[in-house]
Amino acid sequence: MERRSFLVLLVAGCADPGLDLGPQLALSPGAPKPAPPALPPSGSPAFDEWLRGFYGRALSAGLPPALLNRELAGLTPNDRVSALDSRQPEFSRPVSDYLRGVVTDDRLAIGRRKRDALPALDEIEARYGVSRNILVGIWGLESSFGAILGDFDVIRSMATLAADGRRRQFAEDQLIAALKMIQSGEFARSQLIGSWAGAMGQTQFIPTTFLSTAVDGDGDGRRDLWGSSPDALASAANLLAKAGWVRGQSWHREVVVPASFDYALVEGPKETPAWWAQQGVTPADGRGFAAADQGAEAQLIAPSGAGGPMFLIFPNHFVIRRYNNSTAYALGVGLLAQGLAGEGGVVRSWPQETPLSLTDRTDAQTALARLGFDPGAPDGIVGVNTRAALRAYQQSRGLTADGYLSLEMVRRLRAEVAAPPP
């Protein structure tokens, strides 16, 4: 939903180059651009200044003055959108809590009913090669199987975000794409309803992705991500297929490692299952790897550290992350698909994790930097760079180098930088 909106998809950011908008919409070569009309003031001078500049950029993108005059007249910023965009959660939600909330008996039961009642999935799966259970998992996470579509005017939301300036280029690209959706005649302005950040329909596509990737899945000649589940799921399958989905290959496998395992390999090399077996890494369920996985290069991750489940993640996991660039999200989709297929959940239980405050996370990053390990900017986001720096620190101190930032590790780092030098 809105959490994914600014994580750029493989195909986001470009309108359909083949979209024929008609020769009457283009300005004659060398003709002066029409001046923006005297739009009524919005109550925000900054918004009004941005809107005047955007008018010319929208004309250059091929949008006709009549459309702009109609859709931009009376436009005002949405304070709810600005507030949602600027929020920074004080506490980060542990991945174990997130995944326990994602893979529930209720969601699996609803997902199975929805899947089994949708015969169009047969053709979608055959055409695009993407597992129907992955598609239903995405559907469940993005919109609760079409039940939660958002209630924001996409045009107004994108204009607000563009005027605010933090992601101006992205927001203007989405606004121009949304206006092109109206211009094409596919949708009226009133139909373009979505999340606060512009994600639309049952599979939450941003406007640029709609133009380049949405497809007609039910054969009625329209691409209706709001009212047609086949359209929404076929469009999601098309996105994953274009991003490199490998037909028949796994997305992840839970694994176990020996007591002597070198945790410096976590989030490190991408190697075949046979290579990982030489390091002592074996499937947690005791079953071998499928033939389609044997030659695939997989990476090892430990989302909750050495005390939680570990996974080999295959190329298809990274394709899911082109939909939403979050390890937790991709694991959630994959575990939902696993449950929908009747394969059960994780073998090793998720540990109880303590949420870390923003101060905890920034203090840990600052301490790592002071101790000579580079986590990047102290922004409170525990990403790849922070985990790599933490693994190097842990290894240098003789600790389990799994890169997992626990509250205990935060306290250790604080104490080490506070202690006087020897």
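This one's a predicted model, so the numbers in the text were calculated from it and none came from an experiment. (Residues numbered from 1 in each chain as written. Predicted model: local features only at pLDDT ≥ 70, side-chain atom pairs only at ≥ 80, totals over all residues. Heavy atoms only, no water.)

## Re the overall build of the protein chain
Reasoning step 1: Along the backbone of the protein chain there are 17 helices and nine strands.
Reasoning step 2: Its C-alpha atoms give the protein chain a radius of gyration of 24 Å, near enough to 22 Å, the size a compact globule of 422 residues would have.
Reasoning step 3: Viewed in the frame of its principal axes, the protein chain has a C-alpha envelope of about 70 × 60 × 40 Å.
Reasoning step 4: Across the 422 residues in the protein chain, those meeting the buried criterion constitute 48%.
Reasoning step 5: The contacts in the protein chain between residues at least 6 apart in sequence include a share of 70% that link residues at least 24 apart.
Reasoning step 6: For the protein chain, the exposed area adds up to about 18,400 Å²; of that, 52% sits on carbon and sulfur atoms.
Reasoning step 7: Distance between charge centroids for the protein chain: 2 Å, based on 41 positive and 44 negative side chains. (Helix = DSSP H or I, 4+ residues; strand = E, 2+ residues; numbered from the N terminus. Rg over C-alpha atoms; globule rule 2.2 N^0.38 Å. Buried < 20%, exposed > 50% of the residue type's maximum accessible area, 1.4 Å probe, protein only. Contact = heavy atoms within 4.5 Å. Areas by Shrake-Rupley, 256 points an atom, 1.4 Å probe, with all protein chains shown as cover. Lys, Arg positive; Asp, Glu negative; His and termini not counted. Charge placed at Lys NZ, Arg CZ, Asp CG, Glu CD.)

## Details of the pairing of strand β8 (residues 310-313)
Reasoning step 1: Judged by which residues are buried, β8 turns out to be covered on both faces: Met310 and Leu312 on one side and Phe311 and Ile313 on the other are all buried.
Reasoning step 2: Across four bridges, strand β4 (residues 252-256) lies against β8 in antiparallel orientation. What sits directly across from Arg253, in β8, is Leu312.
Reasoning step 3: With three bridges connecting them, strand β7 (residues 298-301) and β8 associate as antiparallel partners. Opposite Ile301, over in β8, you have Phe311 as the bridge partner. (Pairing = 2+ DSSP bridges.)

## Side note on the packing of aromatic side chains
Reasoning step 1: Applying the stated criterion across every chain yields a total of twelve aromatic pairs.
Reasoning step 2: An angle of 90° between the planes, with centres 4.9 Å apart, marks the rings of Trp275 and Trp276 as edge-to-face.
Reasoning step 3: Overall, Trp276 belongs to the buried group, its relative accessible area being 0%.
Reasoning step 4: Within the aromatic cluster, the residues linked to one another by ring pairs are Phe47, Trp50 and Phe54. (Phe/Tyr/Trp six-rings, centres within 6.5 Å; stacked < 30°, edge-to-face > 60°.)

## Some thoughts on the sheet that holds β7
Reasoning step 1: Ordered by their spatial adjacency, five strands build an open sheet running β5-β7-β8-β4-β6, and the pairing between neighbours is antiparallel. Each edge of the open sheet carries a strand with a single partner, namely β5 (270-271) and β6 (282-283).
Reasoning step 2: Of the strands in this sheet, β5, β7 and β8 are in contact with helix α13 (residues 315-323), which crosses β8 at around 90°.
Reasoning step 3: Set on the sheet, helix α14 (residues 327-340) makes contact with β4, β7 and β8; between it and β4 the angle comes to about 95°. (Axes fitted to C-alpha atoms, helices over the stretch in contact; angles between N-to-C directions.)

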